[in-house]
Amino acid sequence: QVERCNQEWKLCFREAYERRMATSRSPDCKWAQRKDKIMFTINVPNLDPTKAKVEITETAFSFECPAPDGKTWSLKFDFFGEVDPSKSKWNVATRDVSFVFMRKTEGEYWDKLNKGSKITTLKCDWDLWKDEDEGKDDFDMSGYGDFDGGMGGMGGMGGMGG
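So, here's what we can say about the structure. (Residues numbered from 1 in each chain as written. Predicted model: local features only at pLDDT ≥ 70, side-chain atom pairs only at ≥ 80, totals over all residues. Heavy atoms only, no water.)

## Digging into the overall build of the chain
Working step 1: Scanning the chain from terminus to terminus reveals one helix and 10 strands.
Working step 2: When the elements of the chain are put in sequence order from the N terminus, they spell out α-β-β-β-β-β-β-β-β-β-β.
Working step 3: Within the chain, buried positions represent 36% of all 162 residues.
Working step 4: Across the chain, contacts joining residues at least 24 apart in sequence account for 65% of those joining residues at least 6 apart.
Working step 5: Carbon and sulfur atoms make up 48% of the accessible area of the chain, which amounts to about 9800 Å² in all. (Helix = DSSP H or I, 4+ residues; strand = E, 2+ residues; numbered from the N terminus. Buried < 20%, exposed > 50% of the residue type's maximum accessible area, 1.4 Å probe, protein only. Contact = heavy atoms within 4.5 Å. Areas by Shrake-Rupley, 256 points an atom, 1.4 Å probe, with all protein chains shown as cover.)

## As for the side chain of Gln 33
Working step 1: Among the structural elements, Gln 33 can be located in strand β2 (residues 28-33).
Working step 2: Owing to a relative accessible area of 0%, Gln 33 belongs among the buried residues under this scheme.
Working step 3: For Gln 33, the side chain forms a polar contact with the main-chain nitrogen of Trp 110, separated by 2.9 Å.
Working step 4: Look past the residues within four positions of Gln 33 in its chain and what remains in contact with it is Ile 38, Met 39, Arg 103, Tyr 109, Trp 110, Trp 129 and Lys 130. (Polar contact = N/O pair within 3.5 Å; in protein donor to acceptor, adjacent residues only side chain to side chain.)

## Here's the deal with the packing of aromatic side chains
Working step 1: Scanning the model with the defined rule gives 15 aromatic pairs in all.
Working step 2: Relative to Phe 101, the ring of Phe 79 lies with its centre 5.1 Å away and its plane at 70 degrees, an arrangement referred to as edge-to-face. Remark: Phe 101 occurs in strand β8 (residues 96-103) and Phe 79 occurs in the loop between β6 (72-78) and β7 (83-92); sequence separation between them is 22 residues. Of the two residues, Phe 79 and Phe 101, both sit in the buried class.
Working step 3: Among the aromatic residues, those joined into a cluster by ring pairs are Phe 40, Phe 61, Phe 77, Phe 79, Phe 80, Phe 99, Phe 101 and Trp 110.
Working step 4: Above the plane of the ring of Trp 73 lies Arg 25, whose end atom (NZ or CZ) is 4.2 Å from the centre. (Phe/Tyr/Trp six-rings, centres within 6.5 Å; stacked < 30°, edge-to-face > 60°. Lys NZ or Arg CZ within 6 Å of the ring centre and 35° of its normal.)

## A word on the side chain of Arg 34
Working step 1: In this fold, Arg 34 is placed in the loop between β2 and β3 (37-43).
Working step 2: A polar atom in the side chain of Arg 34 sits 2.6 Å from the backbone oxygen of Leu 128.

## Re the pairing of strand β5 (residues 60-66)
Working step 1: Pairing of strand β4 (residues 53-56) with β5 involves four bridges; the strand directions are antiparallel. Bridged to Val 54 within β5 is Phe 63.
Working step 2: A loop of three residues connects β4 with β5, the two strands running antiparallel in sequence.
Working step 3: Pairing analysis gives seven bridges linking β5 to β6, with the strands arranged antiparallel. Counterpart to Glu 64 in the pairing with β6 is Ser 74.
Working step 4: Linking two consecutive strands that pair antiparallel, namely β5 and β6, is a turn of five residues; a positive phi of about 95 degrees is found at Gly 70 within it. (Pairing = 2+ DSSP bridges.)

## Comments concerning the nonpolar core
Working step 1: In this structure, Phe 40, Phe 61, Phe 63 and Phe 99 are the most contacted members of the largest nonpolar core, which totals 27 residues.
Working step 2: Each residue touching Phe 40, except ones within four places of it in the same chain, is listed here: Cys 29, Lys 30, Trp 31, Phe 61, Leu 75, Phe 77, Val 97, Ser 98, Phe 99, Phe 101, Leu 113 and Leu 122. (Core = buried A, V, L, I, M, F, W, Y, C linked by side-chain atoms within 4.5 Å.)

## Considerations on the sheet that holds strand β1 (residues 24-25)
Working step 1: Pairing is mixed across the open sheet formed by four strands, whose spatial order is β1-β6-β5-β4. Strands with a single pairing partner mark the edges of an open sheet, and in this sheet they are β1 and β4.

## Some remarks on the pairing of β3
Working step 1: Across the seven residues that make up β3, a large majority, six, are buried.
Working step 2: Inspection of the sheet shows β2 paired to β3 by six bridges, in the antiparallel sense. When the sheet's bridge partners are listed, Lys 30 is paired in β3 with Thr 41.
Working step 3: What sits between the antiparallel neighbours β2 and β3 is a turn of three residues.
Working step 4: Pairing analysis gives seven bridges linking β3 to β8, with the strands arranged antiparallel. Across the sheet, the residue bridging to Lys 37 is Met 102, located in β8.

Have a look at this one:
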């Protein structure tokens, strides 16, 4: 009786997992950092900003958006350190969404972007990367908007006043 119940539970769990995996997938993303900020880009072609749900708190990030093929782009993680959502910025482009998360306290580089298990679709953005001992920060944030006014129609901007 117990073995039958365990088999049914495993089958039910596997079916639920397969349904979720058939409808949800993690987007490719990349990151770089400075002593005072984290640059993070999610590569999502044909993003409809009005349907995207983004939540950023001091300790966590969440992104969900429907893809044109009916599946859903989904990514959630806890930051390795703390960020200040009110001072952070964003930019929506044709093929991606870029974020600049201002760190709560300036300091040594984080060991990685997130706490916990590895994000398999996350790579280092070598185009933006600078070592800690390299000189002046020349990252241009002029094309980025504030979170205060929302994200151009993106819903669910929890913790950002928009």
